[in-house]
Amino acid sequence: MKSLDKIVEKVEEAILGYSVLLMAFVLIGSVLSRTLLNSSWTFAEEVGQTLTIIVTFVGIGYAAKKVKHITMSAIFDLMSEKGKKIFQLIITSVTSLCLFYLTYLGLQYTLKVHELSRVTPALRIPMYLIMAFVPLGFFLGAVEYARTFIKNICEKDVYISTQRTIDQIGEAYEYSQQNSDEVSVKEGM
Amino acid sequence: MVLLLMSILVVMLLLNFPMMIPMTMAPLAVMMKYFPNVNPLMATQQIVAGVQPYVLLAVPMFILAADIMCAGQTSRRLLDFVETFVGHIHGGLAITTAATCTLFGAISGSTQATVVAIGKPMRNRLMESGYEDEDTIALIICSAIIALLIPPSISMIMYCVVTGASVGDLFVAGVIPGLTILLFFAVYNYFDAKRKHIPLSRNLTMAERMESLKRAIAPLGFPVIIFVGIYTGFFSPTEAAAMGVLYALILELFLFKSIKVKDLSRIALSTAVVTSAVFILVAAGSLFSWAISYAKIPQMMTAALLGPNPSALSILLTVTAFFFIGCMFVDSIVVIVILTPIFYPLAMKAGIHPIHLGVIVTLQAAIGSITPPFGCNIFTAIAIFSRPFMKVIKRLPAYIIMLIIVSALIILFPQLSLMLIS
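J.: Got a sec to walk through the overall build of chain B? Specific residues and values, please.
T.: Secondary structure assignment for chain B yields 22 helices and zero strands. Taking 2.2 N^0.38 as the reference for a compact globule, 422 residues should give roughly 22 Å; the C-alpha atoms of chain B span a radius of gyration of 22 Å, in line with that estimate. Overall, the C-alpha framework of chain B stretches about 75 × 50 × 45 Å when taken along its three principal axes. The buried share among the 422 residues of chain B stands at 64%. In chain B, of all internal contacts separated by at least 6 residues, the share reaching a separation of at least 24 is 79%. Here chain B has roughly 14,500 Å² of accessible surface; of this, 70% comes from carbon and sulfur atoms.

J.: Let's hear about the pattern of salt bridges: which residues, and what values?
T.: All names here are of chain B. Summed over the entire model, instances satisfying the criterion amount to 18 salt bridges over all chains. Residue aspartate 80 is joined to arginine 125 by a salt bridge in which the shortest nitrogen-to-oxygen separation is 3.2 Å. Here arginine 125 lies in helix α7 (residues 111–128) and aspartate 80 lies in helix α5 (residues 74–86), a separation of 45 residues in the sequence. In this structure, the salt-bridge partner of lysine 196 is aspartate 135, at a minimum N-O distance of 2.7 Å. Residue lysine 196 is located in the loop between α11 (167–195) and α12 (206–231), and its partner aspartate 135 is located in helix α8 (residues 133–144); the two are separated by 61 residues in the primary sequence. By relative accessible area, which is 27% here, lysine 196 ends up partly exposed. For aspartate 135, a relative accessible area of 10% translates into the label buried. What emerges from the salt-bridge pattern is a single network uniting Glu132, Asp135, Asp192, Arg195, Lys196 and Arg395.

J.: Any details on the nonpolar core? Residues and values, ideally.
T.: Within the largest apolar cluster, 213 residues are counted, with the highest numbers of intra-cluster contacts made by A:Phe57, A:Phe138, B:Ile68, B:Met158, B:Tyr159, B:Val245 and B:Leu357. Apart from residues lying up to four places away in sequence, A:Phe138 is in contact with A:Phe57, A:Ile60, A:Leu99, A:Leu102, A:Thr103, B:Ile47 and B:Ile280.

J.: I'd like a rundown of unusual backbone geometry, residues and numbers included.
T.: A negative phi holds for most residues other than glycine; trans holds for most peptide bonds. Here B:Pro151 and B:Pro152 are connected by a cis peptide whose omega angle stands at -5 degrees. In this model, A:Arg124 sits at a positive phi of 55 degrees, which is unusual for a non-glycine residue. The residue A:Arg124 is located in the loop between α4 (81–116) and α5 (127–131) in this model.

J.: Explain the side chain of B:Arg123 residue by residue, including any values.
T.: Here B:Arg123 shows up in helix α7. Not counting residues up to four positions away in its chain, the partners in contact with B:Arg123 are B:Asp133, B:Thr136, B:Ile137, B:Ile140, B:Phe385 and B:Arg387.

J.: Can you explain a nonpolar patch on the surface? Please cite residues and give values.
T.: A surface patch of nonpolar side chains, about 360 Å² in accessible area, is lined by A:Ile75, B:Val10, B:Leu14, B:Ile325 and B:Phe329. Of all the secondary structure elements, the ones that give two or more residues to the nonpolar patch are α1 (2–14) and α16 (312–329) of chain B. Within the secondary structure, B:Val10 sits in helix α1.

J.: If you had to explain α5(B) to someone new, which residues and values would you point to?
T.: Compared with an ideal rise of 1.5 Å per residue, which puts 13 residues at 18 Å, α5(B) spans 19 Å between its outermost C-alpha atoms and is within 8% of the ideal. Every buried residue of α5(B) is accounted for by B:Thr74, B:Ser75, B:Arg76, B:Arg77, B:Leu78, B:Leu79, B:Phe81, B:Val82 and B:Thr84.

J.: Can you break down the packing of aromatic side chains residue by residue, with the values?
T.: Describing an aromatic ring pair means giving the distance of the ring centres and the angle of the ring planes. All names here are of chain B. Evaluated as defined, the whole model comprises 17 aromatic pairs over all chains. Aromatic pair phenylalanine 234 and phenylalanine 235: ring centres 5.1 Å apart, planes at 65 degrees, arrangement edge-to-face. Judged by relative accessible area, phenylalanine 235 falls into the buried class, the value being 13%. What links up through ring pairs into an aromatic cluster is the set Phe35, Trp290 and Tyr294. Over the ring of phenylalanine 85 we find arginine 209, and its NZ or CZ is 5.6 Å from the ring centre.

Procedures and definitions
- Residues numbered from 1 in each chain as written.
- Chains lettered and ligands numbered in written order.
- Predicted model: local features only at pLDDT ≥ 70, side-chain atom pairs only at ≥ 80, totals over all residues.
- Heavy atoms only, no water.
- Helix = DSSP H or I, 4+ residues; strand = E, 2+ residues; numbered from the N terminus.
- Rg over C-alpha atoms; globule rule 2.2 N^0.38 Å.
- Buried < 20%, exposed > 50% of the residue type's maximum accessible area, 1.4 Å probe, protein only.
- Contact = heavy atoms within 4.5 Å.
- Areas by Shrake-Rupley, 256 points an atom, 1.4 Å probe, with all protein chains shown as cover.
- Salt bridge = Lys/Arg side-chain N within 4 Å of Asp/Glu carboxyl O.
- Core = buried A, V, L, I, M, F, W, Y, C linked by side-chain atoms within 4.5 Å.
- Patch = residues over 30% accessible without salt bridge, like charges linked within 9 Å, V, L, I, M, F, W, Y side chains within 5 Å.
- Expected span 1.5 Å × (residues − 1).
- Phe/Tyr/Trp six-rings, centres within 6.5 Å; stacked < 30°, edge-to-face > 60°.
- Lys NZ or Arg CZ within 6 Å of the ring centre and 35° of its normal.

Next up, the structure:
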């Protein structure tokens with residue numbers, strides 16, 4: 001179970017990171033080709049849009065793990081440890097159920113698109129393959145919140161994701177802080 | 001119907017649910033209860049359609065460019081540059097902070113990124129030079145919101161995706177209001193520092209200034225590419241964003257050598273996560289606005305609020321109030337995605353220019369995000385500087401008053417927003 005979790009996380013990281021890099025590459029290439037060679041890449045737009053769908057939906061579960069989803073935590077922050085625990089149980093269970101429902105709707109929609117057998121205009125990729133990322137993303141998110149719910153029942157600490165307890169909220173900022181510290185070290189040129 | 005929609009939305013938001021849940025569940029509940037004939041698969045279709053506009057691609061590109069520059073040296077060079085020019089006058093360091101936030105806003109388009117990139121290094125310098133704790137924090141979080149109005153701005157892209165207005169025009173229109181705010185902040189800090197007898201720093205020689213200009217010239221090219229490219233129509237906003245990434249890569253990879261190629265996948269991952277968290281809300285917002293327009297909720301709400309034939313001014317004041325209050329509580333992107341479709345049709349009917357409305361909406365989003373009790377920049381500051389809530393908000397009122405004055409100017413004089421666009 002632990003190793004499956006690790007593998008899923010690595011795959012998510014790879015899909016997300018490389019999708020953004022590929023997006024940048026295609027868009028830059030298209031602009032350069034338009035300005036220098038006077039012909040833009042016809043597939044740039046649909047590749048960009050496809051990658052947008054992939055990043056948006058595959059990111060649901062990963063953002064849940066890293067506590068990156070936008071919330072309004074002002075009231076939550078003011079509560080006692082016990083209140084937070086109860087809140088967290090409600091939030092994770094309801095969120096998980098909602099996401100499972102959206103997975104179901106997404107799956108139905110994907111099947112419908114499959115029936116229509118539409119393809120993208122330039123590269124002729126079957127649309128249902130792209131749409132499949134929608135239920136996949138909702139499913140990964142639903143599983144992530146369900147696991148957080150279970151973790152909150154089984155363990156004493158208040159978990160805001162499978163990887164973080166409430167005491168670790170600040171870690172969300174760690175990445176950016178490290179970066180700005182690095183700047184002061186890397187002076188010069 | 002309105003009650004059901006709003007109660008699900010507000011209760012779930014306040015309970016700390018991830019915002020995508022209330023934004024999808026509230027419209028789904030309304031559709032199921034009042035329009036059972038509508039196929040729920042339409043919901044998925046709307047969610048997917050929400051992230052399809054081509055201009056949205058500009059968002060991850062601008063974030064990626066900013067992430068690359070944050071990992072490198074751009075912000076530090078810009079700071080040094082501005083400081084050598086205004087550092088020696090009263091409130092010089094404070095003015096440096098505000099001006100660099102404006103410049104950096106022209107790179108990143110996000111207030112949180114600006115607080116981290118400019119606020120963190122500047123805060124230490126300000127404290128060392130004798131500025132008070134509360135003053136520096138208020139200055140930093142208020143200056144950071146100028147980034148929302150200076151292109152590129154993610155909030156502005158969201159407004160345009162929802163309304164179909166031109167991103168290029170709105171970007172250009174935000175420049176003068178943004179600079180007006182900077183001017184207000186600079187004048188205030190000049191007199192505030194004079195009154196508090198903050199010691200002056202040494203006046204630098206012209207040679208020293210040229211040296212810092214030389215170091216900053218490459219980063220300064222970034223806003224030029226974006227602004228001139230979009231203003232002349234040579235680049236679409238998405239293309240300008242892609243060129244921004246290319247420029248950031250050339251600068252940080254080859255010129256400054258501050259990042260390595262192997263760092264890129266880590267930086268892109270951080271971009272992807274932020275993008276996903278924002279775009280899932282855009283997707284949910286698309287479902288939300290489809291459902292409310294299907295149920296004709298905007299007409300109901302605005303008729304109840306404003307009567308049958310409201311004047312343009314009363315509409316603008318209502319819009320201002322709603323966005324301002326909304327942004328005090330939740331993230332500006334959520335407010336823009338939810339409230340814009342409610343008020344937009346009415347504003348258009350009253351003959352308000354869509355770009356003028358966009359500038360007002362963006363400015364209210366900016367003010368709301370620094371207004372207690374729940375403005376989200378306040379919480380960014382609490383987390384980043386680990387200061388208590390009361391200290392963070394202590395010196396905010398003066399800034400909020402200045403911003404309200406600027407709002408009034410922008411509402412009363414549409415030319416301020418519209419004069420740069422044809």
